[in-house]
Amino acid sequence: MIEYKLAAPGDVHRIREFLEKVWYATYSGMMPDEVIRKAVDKWFDIHFLAQQSSDPEVFFLLAMEAGEIIGLTTARMLDNENTLNLGRLYVHPQYQGKGLGSILLAKALNSFRDYQKIRLGVIQGNHQAISFYQRKGFIQTGRETEDIDGYPIVVLIMEINS
Ligand SMILES: CC(C)(COP(=O)(O)OP(=O)(O)OC[C@H]1O[C@@H](n2cnc3c(N)ncnc32)[C@H](O)[C@@H]1OP(=O)(O)O)[C@@H](O)C(=O)NCCC(=O)NCCS
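Residue indices follow the written sequence of each chain, beginning from 1 at its first position. Totals for whole chains, interfaces and linings use every residue, but because this is a predicted model, local features are given only for residues with pLDDT of at least 70 and side-chain atom pairs only at 80 or more, for both listing and counting. Note: side-chain values were computed over all heavy atoms of the structure, leaving out hydrogens and water.

Caption draft 1: Broad picture of the site of the ligand. Gly-97, Gly-99, Ser-102, Asn-126 and Arg-135 are the nearest of the 20 residues found near the ligand. One of the backbone N or O atoms of Gly-99 is found 2.6 Å from an oxygen atom in the ligand. By the criterion applied in these results, polar contacts are pairs of N or O atoms within 3.5 Å in which, for protein atoms, one can donate a hydrogen and the other can accept it, and in which residues neighboring in sequence qualify only through two side-chain atoms. Ser-102 is positioned such that a nitrogen or oxygen atom in its side chain is 2.5 Å from an oxygen atom of the ligand. A 1.4 Å probe and the Shrake-Rupley method give the accessible areas. Residues count as covered only by the protein chains that appear here. Isolated, the ligand exposes 930 Å² of accessible area, and the fraction of that covered by the protein chains is 71%. A per-element tally of the shell around the ligand places helix α5 (residues 127–135) first, with five residues. Residue classes in the shell around the ligand are distributed as nine nonpolar, nine polar and two charged. A cutoff of 4 Å decides nearness: a residue is near a molecule or strand if any of its heavy atoms lies inside that distance of it. Numbering of helices and strands starts at the N terminus; helices are DSSP runs of H or I of at least 4 residues and strands are runs of E of at least 2. In the scheme used here, Gly and all other residues not listed as nonpolar or charged are polar, with Ala, Val, Leu, Ile, Met, Phe, Trp, Tyr, Cys and Pro taken as nonpolar and Asp, Glu, Lys and Arg as charged.

Here is the structure:
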């Protein structure tokens, strides 16, 4: 049975392990492993995850089965904008395509009110995620380039009006 719980600081090492696993499964072949390692270190820093998991303004939800994390999402309102930012949405490879990503997305969206827009970033070339968001109605509105030690990672910005 899948259970949902808000992330707590005590979960951060498991969260980091989970994110690392999903990142390698998703991006190996799309970018060098060394870049994946550096990106994971930068974006999933343990202290940052701990801070987010205790920030009341951040919705940080874990999907668990038999005590293991099988999915997670992170969302927050952007300052001075009526925009909800979907920071993360990850499902364990063995659980993808079974509706869990859709459930986590719905839970994130339902936990906030009064936003006019939802925004997220997705790495160019991640076709599975891009088509998932397109099927949900998101459209690309921009692109940004993140620098990982000289290696450019292109992030597509996608948005939907609520
Ligand atoms: C992108 C991602 C979050 C989507 O999550 P998911 O759990 O695989 O997606 P879902 O199963 O909810 O939806 C995928 C499709 O499977 C279908 N599906 C298959 N079996 C299903 C079932 N038993 N119940 C419901 N839907 C099912 C859905 O209909 C859906 O199609 P739709 O979008 O046309 O409705 C997930 O694939 C993932 O974590 N990818 C790797 C990490 C990543 O790229 N994250 C995004 C970074 S921005």
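Caption draft 2: Quick peek at the side chain of Ser-53. Looking at the secondary structure, you find Ser-53 in helix α3 (residues 46–53). At 2.9 Å, the side chain of Ser-53 forms a polar contact with the backbone oxygen of Ala-50. Contacts are assigned to residue pairs with any non-hydrogen atoms lying within 4.5 Å of each other. Setting aside its immediate chain neighbours within four residues, Ser-53 contacts Ala-7, Ala-8, Pro-9, Val-12 and Phe-60.

Caption draft 3: Inspection of the packing of aromatic side chains at higher detail. Side-chain rings of Phe, Tyr and Trp, where Trp is taken by its six-membered ring, are said to pair if the distance between their centres is within 6.5 Å; with planes under 30 degrees apart they count as stacked, over 60 as edge-to-face, and otherwise as tilted. Tallying each qualifying case throughout the model produces seven aromatic pairs. Seen in terms of ring centroids, Trp-23 and Phe-44 are 6.1 Å apart; in terms of plane orientation they differ by 80 degrees. Their pairing is edge-to-face. Of this pair, Trp-23 sits in helix α1 (residues 12–27) while Phe-44 is found in the loop between α2 (33–43) and α3, placing the two residues 21 residues apart along the sequence. Only protein chains enter the area calculation, which uses a 1.4 Å probe; residues under 20% of their type maximum are buried, those over 50% are exposed, and those in between are partly exposed. The buried category is assigned to Trp-23, whose relative accessible area is 2%. A relative accessible area of 3% means that Phe-44 is categorised as buried. When the ring of Tyr-133 is compared with that of Phe-138, the centres are 5.6 Å apart and the planes differ by 70 degrees; the resulting orientation is edge-to-face. Exposure class is identical for Tyr-133 and Phe-138. Each is buried. Clustering of aromatic rings is evident, with ring pairs tying together Trp-23, Tyr-27, Trp-43, Phe-44 and Tyr-90. Both a distance and an angle decide whether a charge sits over a ring: NZ of Lys or CZ of Arg must be within 6 Å of the ring centre and within 35 degrees of the ring normal. Across the ring face of Tyr-95, the terminal group of Lys-98 is positioned such that the distance to the ring centre comes to 5.7 Å. Over the ring of Tyr-4 we find Lys-107, and its NZ or CZ is 4.5 Å from the ring centre.

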